[in-house]
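Notes for the structure review
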Amino acid sequence: MKKLISLLCTAVLVITPLADVSAEANNSSTIEARAEQIAKEMVQNYGVTSVQYAIMDEGEYILSDSVGLHDKASQKPIDKDSMYGIGSVSKMVVTAAAMKLVDSGKVDLDEPLTSYIKDFKMADARYTQITPRMLMNHSSGLYGTHYGNSMLFEDNDTRNHDELLLKLQSEKLKSKPGAYSVYANDGFQLLEILVERVSGLSYSEYIAKFISEPLKLESTKTPLDSFDRAQLSETYWPTLEMKMPTENANIIGTGGVYSTAEELSQFGEVLMGNRPDILSESAVKAMQSHEYRKGIWVSDEQNTINYGLGWDAVDLAPFSDYGITALAKGGDTMLYHAVLITIPEHDISMAVLSSGGSSVYNQMFASKVLLDVLEDQGIIDDVQPDQKFSPPVKVKMPTELSEYSGLYGTVGETLDITIKDGEMQLPALLGGIIPEQKYVYTGDEHFTSADGSVKASFVKERNDKVYVKVQGMITLPGIGQTVMNTYDYQKLDHNALDAATKEKWTARDGSKYYALDEKITSIFYLLPSMLIKNLSVDAKNGYANGTQIMDANNAENIAEIPVMNGRDAFDLQFYTKNGAEILLQDGQEYIAEDAITPIFGGKKGITTIPANGQARWYAIDARSGNKSITVDSPKTGGYAVYNDKGEMVDFSVATNQESTKLPKSGFIVFGGDAGDVFQIQLK
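All of these numbers come straight from a predicted model, not from anything done at the bench. (Residues numbered from 1 in each chain as written. Predicted model: local features only at pLDDT ≥ 70, side-chain atom pairs only at ≥ 80, totals over all residues. Heavy atoms only, no water.)

Moving on, we get to the overall build of the protein chain. Helix and strand content of the protein chain: twelve helices and 35 strands. Since a compact globule built from 683 residues should have a radius of gyration of about 26 Å, the 25 Å found for the protein chain is in line with a globular shape. Counting over 683 residues, the protein chain shows a buried share of 59%. Summed over all atoms, the accessible surface of the protein chain reaches about 26,100 Å², with 47% contributed by carbon and sulfur. Charge centroids of the protein chain, computed over 61 positive and 93 negative side chains, lie 5 Å from each other. (Helix = DSSP H or I, 4+ residues; strand = E, 2+ residues; numbered from the N terminus. Rg over C-alpha atoms; globule rule 2.2 N^0.38 Å. Buried < 20%, exposed > 50% of the residue type's maximum accessible area, 1.4 Å probe, protein only. Areas by Shrake-Rupley, 256 points an atom, 1.4 Å probe, with all protein chains shown as cover. Lys, Arg positive; Asp, Glu negative; His and termini not counted. Charge placed at Lys NZ, Arg CZ, Asp CG, Glu CD.)

Structure (structure tokens):
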């Protein structure tokens, strides 16, 4: 799930080298040596455990190598047969699968989706306008992603897939289908269901039969396939020493496929039109079309995001600077990261997979190496050096630009932007890649960052909405540069609340709500921000966590932001159940913190998972704080401990510790199957 997880989940990308790194990869004389240098840089300084990469040129491998460890305990190195999760590069697999059905005449890209998924319904009449094409180019208007129970440890439970259509029945669209493209994982989940309904096969069976078998891909699998899990590269969490259990991304169409760099670059042959037995030339060309231009889009400067069908980019920078068309798809799960780049006109594809790190690193790595390949083959004269920047020179700002001051929002937050004396302050941008800082006016309606690498401006689009546009050149020492042009914030109107509604929401400001429906095998227990919802209310302007307050118990998404920042939108709904306030978001329930009772303070006790299977949360107070807890859990159960800052202290599914010292205050959660009993001892 591209930049999710960025996020995700990704899954936020905060790119900070772990140590001082060299300014550039060395000037070694061979492509192999230069690639190895960058890969070593990633492993040594960017939190990457291992990286595997391969280049295929005219059907032959011209580079296949790896750096790092398959398993830290045994010190076994990565090799070409080690498998990785490929995250959202899986979207290219489901897109190809659906396009094969188009080739056979069983699917029409521009027919309503309801023609193929008869029970697809939403609480928004516009859903009937959604087509398979809109799923592939991210323009369906779907809110984005149902992450619940999608990323599990050693658990291939399909409930996320199985429950999606039911959850969508009560949900709305955030925009008219086709109005603009913004990243939407759910679209590819629906595409997976379409493949199943039309073909009569399970999705895993379909891709095995029509993609893996013809290409002789022996290591391209899904969590539902049988294969030796020991082939999977080991993964690690930044704050823990032990290796993690096997990660299953059970949203398979969106991000659940495993593969190797060699096999993924070989799959690139299909996407370049070299395997007409699998995918026709017309299907391949359709996938490469500039779909993003059909709706509202950030102006057409160089970029690393310009959607085709499935592709993140159909005119990828920096290749576009050389007049070369390169296509790219990146992907991130919680633990694995991937990118596939193809250059159809020169029949070259490259895949980079890693345990740890980010798809951003992988894409920068692949771009840099591929430019070296193009230079080595005489296709381009010289590789341009990285851009250099100077501190901005502030100039007098036109007074009319101050009118852009006001309230802005994006998914999850609102902020006031004040433009005064040619200066403005913006929070961290692009998922934390660009730090919070002051921008000064430098002319041509642009405000520039302190180092000169980022420009911000205000754009009024044809939908009459005003956006903050961010043009950033990101430099990672030792890896390279990448450019990102996005709309980050949308100007909002004041939303007046009546007195009763304002009072109700003001009382909720700062409240926390804890996930009840997430399986205890979920990787999200390592990332509490996915489980604990912090409510930030701007009652003065009528917003909460970026949503527009509608009444005392409901708030709705207001963000309509193309490209990436409008992704993963949500509504907020509150109600009372068994005396506790419950938040419903994306079809999952969260219980209010003030309804969570303290865990017992004695020596022994039990807790039982209720009949509805929801998790049991307890507060850690003075009676239990600083004591050691030992839990006899059933096979299907586990628990996690968090301190009062919301930081993970222990997660039994991942750590397998015999006992845990509880923090002075915080929370503990137990999860498992309905009726599971936990025997607890405190010392």
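There's plenty left to go through after this.
Backbone geometry follows two general trends: most residues other than glycine have a negative phi, and most peptide bonds adopt the trans configuration. Of note, the bond from Ala317 into Pro318 is cis; its omega dihedral lies within 30 degrees of zero at 10 degrees. Here Pro318 lies in the loop between helix H9 (281-287) and strand S8 (327-332). Not every positive phi belongs to a glycine, and Asn545 is a case in point at roughly 50 degrees. Tracing the backbone through its elements, the reader meets Asn545 in the loop between strand S22 (543-544) and strand S23 (547-551). Asn545 sits in the buried class, given a relative accessible area of 13%. Not every positive phi belongs to a glycine, and Asn656 is a case in point at roughly 55 degrees. Relative to the elements of secondary structure, Asn656 occurs in the loop between helix H12 (652-655) and strand S33 (660-661). For Asn656, a relative accessible area of 63% gives the class exposed.

Let's shift gears to the pattern of salt bridges. Enumeration according to the criterion identifies 22 salt bridges in this entry. Each of the salt bridges in this network shares a partner with another, and the network as a whole consists of Asp110, Arg133, Glu291 and Lys294. (Salt bridge = Lys/Arg side-chain N within 4 Å of Asp/Glu carboxyl O.)

Before going further, it helps to spend a moment on the confidence of the model for the protein chain. Confidence along the protein chain averages 94 in pLDDT terms, with 96% of residues attaining 70 or more. Every residue in residues 1-28 scores below 50 in pLDDT, and together they form 100 contacts with partners more than four places removed in sequence or on other chains. (pLDDT = per-residue confidence, 0-100. Contact = heavy atoms within 4.5 Å.)

Moving on: the packing of aromatic side chains. For the structure on display, the rule yields 25 aromatic pairs. Measuring from ring centre to ring centre gives 5.9 Å for Tyr84 and Tyr336, while their planes differ by 75 degrees; the resulting arrangement is edge-to-face. One end of the pair, Tyr84, is in strand S4 (residues 84-85); the other, Tyr336, is in strand S9 (residues 336-343), with 252 residues separating them in the sequence. With relative accessibility at 0%, the residue Tyr84 sits in the buried group. Arranged with centres 5.4 Å apart and planes meeting at 75 degrees, the rings of Trp297 and Tyr307 form a pair that is edge-to-face. Taken together, the positions of Trp297 in the loop between H9 and S8 and Tyr307 in the loop between H9 and S8 put the pair ten residues apart, joining distant regions of the chain. Taking the relative accessible area as the measure of exposure, Tyr307 reaches 0% and is therefore buried. Three or more aromatic residues link up through ring pairs in this structure, and these residues are Tyr404, Tyr408, Tyr441, Phe447 and Phe458. Between Arg229 and the ring centre of Phe227, over which it is positioned, the NZ or CZ distance is 4.0 Å. (Phe/Tyr/Trp six-rings, centres within 6.5 Å; stacked < 30°, edge-to-face > 60°. Lys NZ or Arg CZ within 6 Å of the ring centre and 35° of its normal.)

What follows deals with helix H8 (residues 261-271). Most of H8 is tucked away, with ten of its eleven residues classed as buried. Burial in H8 covers these residues: Ala261, Glu262, Glu263, Leu264, Ser265, Phe267, Gly268, Glu269, Val270 and Leu271. Looking one or two residues past H8, Gly273 carries a phi angle of roughly 90 degrees, positive in sign.

Before going further, it helps to spend a moment on the environment of Gln471. Relative to the helices and strands, Gln471 resides in strand S17 (residues 466-476). The spatial distance from the C-alpha of Gln471 to the C-alpha of Val298 is 10.0 Å, given a sequence separation of 173 residues. Dropping the residues within four chain positions of it, Gln471 is found in contact with Glu301, His446, Ser453, Val454, Lys455, Ser457, Met484 and Asn485. Engagement of the side chain of Gln471 in a polar contact is seen with the side chain of His446, the distance being 3.0 Å. (Polar contact = N/O pair within 3.5 Å; in protein donor to acceptor, adjacent residues only side chain to side chain.)

A cluster of acidic residues, Glu400, Glu403, Asp444 and Glu445, forms a negative patch at the surface. Mapped onto the elements, Glu403 comes out in the loop between helix H10 (359-376) and strand S11 (406-410). (Patch = residues over 30% accessible without salt bridge, like charges linked within 9 Å, V, L, I, M, F, W, Y side chains within 5 Å.)

Another point: the sheet that holds strand S16 (residues 454-460). Spatially, S12-S11-S18-S17-S16-S15-S14-S13 is the arrangement adopted by the eight strands of the open sheet, whose pairing is antiparallel. Where the open sheet ends on each side, the last strands, each with one partner, are strand S12 (413-417) and strand S13 (423-426). Pairwise comparison of adjacent strand axes, ignoring direction, gives a mean angle of 35 degrees for this sheet. Both S17 and strand S18 (residues 480-491) contribute to a ladder of ten bridges, which runs antiparallel. By the bridge assignment for S18, Val468 is matched with Tyr489. Each of S17 and S18 is contacted by H10, which is oriented at about 135 degrees to S18, the strand it contacts most. (Pairing = 2+ DSSP bridges. Axes fitted to C-alpha atoms, helices over the stretch in contact; angles between N-to-C directions.)

If you check helix H5 (residues 185-199), its first and last C-alpha atoms are 22 Å apart, about what 15 residues at 1.5 Å a residue would give, namely 21 Å. Burial within H5 is extensive, with twelve of its 15 residues counted as buried. Among all positions of H5, only Asn185, Asp186, Gly187, Phe188, Gln189, Leu190, Leu191, Glu192, Ile193, Leu194, Val195 and Glu196 are buried. Taken together, the buried residues of H5 touch helix H2 (90-103), helix H3 (132-136), helix H4 (159-168), helix H6 (203-215) and helix H7 (252-255). (Expected span 1.5 Å × (residues − 1).)

Attention now goes to the pairing of strand S34 (residues 666-671). In terms of burial, S34 is a largely internal element, six of the six residues being buried. Going residue by residue along S34, you find Gly666, Ile668 and Phe670 tucked away on one face and Phe667, Val669 and Gly671 tucked away on the opposite face as well. With five bridges joining them, strand S29 (residues 616-620) and S34 adopt antiparallel strand pairing. Opposite Ile620, over in S34, you have Gly666 as the bridge partner.

Moving on, we come to the sheet that holds S23. Pairing in this open sheet of nine strands is antiparallel, and the strands run S20-S19-S27-S26-S25-S24-S23-S22-S21 from one edge to the other. The sheet is open, and its two edges are formed by strand S20 (532-534) and strand S21 (537-538), each paired on a single side. Of the strand pairs in this sheet, S21 and S22 are connected by two bridges, and their pairing is antiparallel. Residue Val537 lies in a different strand from S22, and its bridge partner there is Ala544. On the sheet, helix H11 (residues 499-508) packs against strand S19 (512-515), S21, S22, S23, strand S24 (554-556), strand S25 (572-577) and strand S26 (580-585) and is oriented at approximately 130 degrees with respect to S23.

Moving on to the nonpolar core. By size, the foremost hydrophobic cluster in this structure holds 78 residues, and its most contacted members are Phe120, Leu190 and Phe267. The biggest single contributor to this core is H2, with eight residues. Ignoring anything within four residues of it in the chain, the contact list for Leu190 reads Leu113, Ile117, Phe120, Leu135, Leu142, Leu164, Leu165 and Leu168. (Core = buried A, V, L, I, M, F, W, Y, C linked by side-chain atoms within 4.5 Å.)

By secondary structure assignment, the location of Lys100 is in helix H2. Buried within the structure, Lys100 lacks any salt-bridge partner; Asp103 is the closest side chain of opposite charge, at an N-O distance of 6.2 Å. Reaching out from Lys100, the side chain makes a polar contact with the backbone oxygen of Ile278 at a distance of 3.2 Å. What Lys100 contacts, discounting residues up to four positions off in sequence, is Tyr206, Phe210, Asp277, Ile278 and Leu279.

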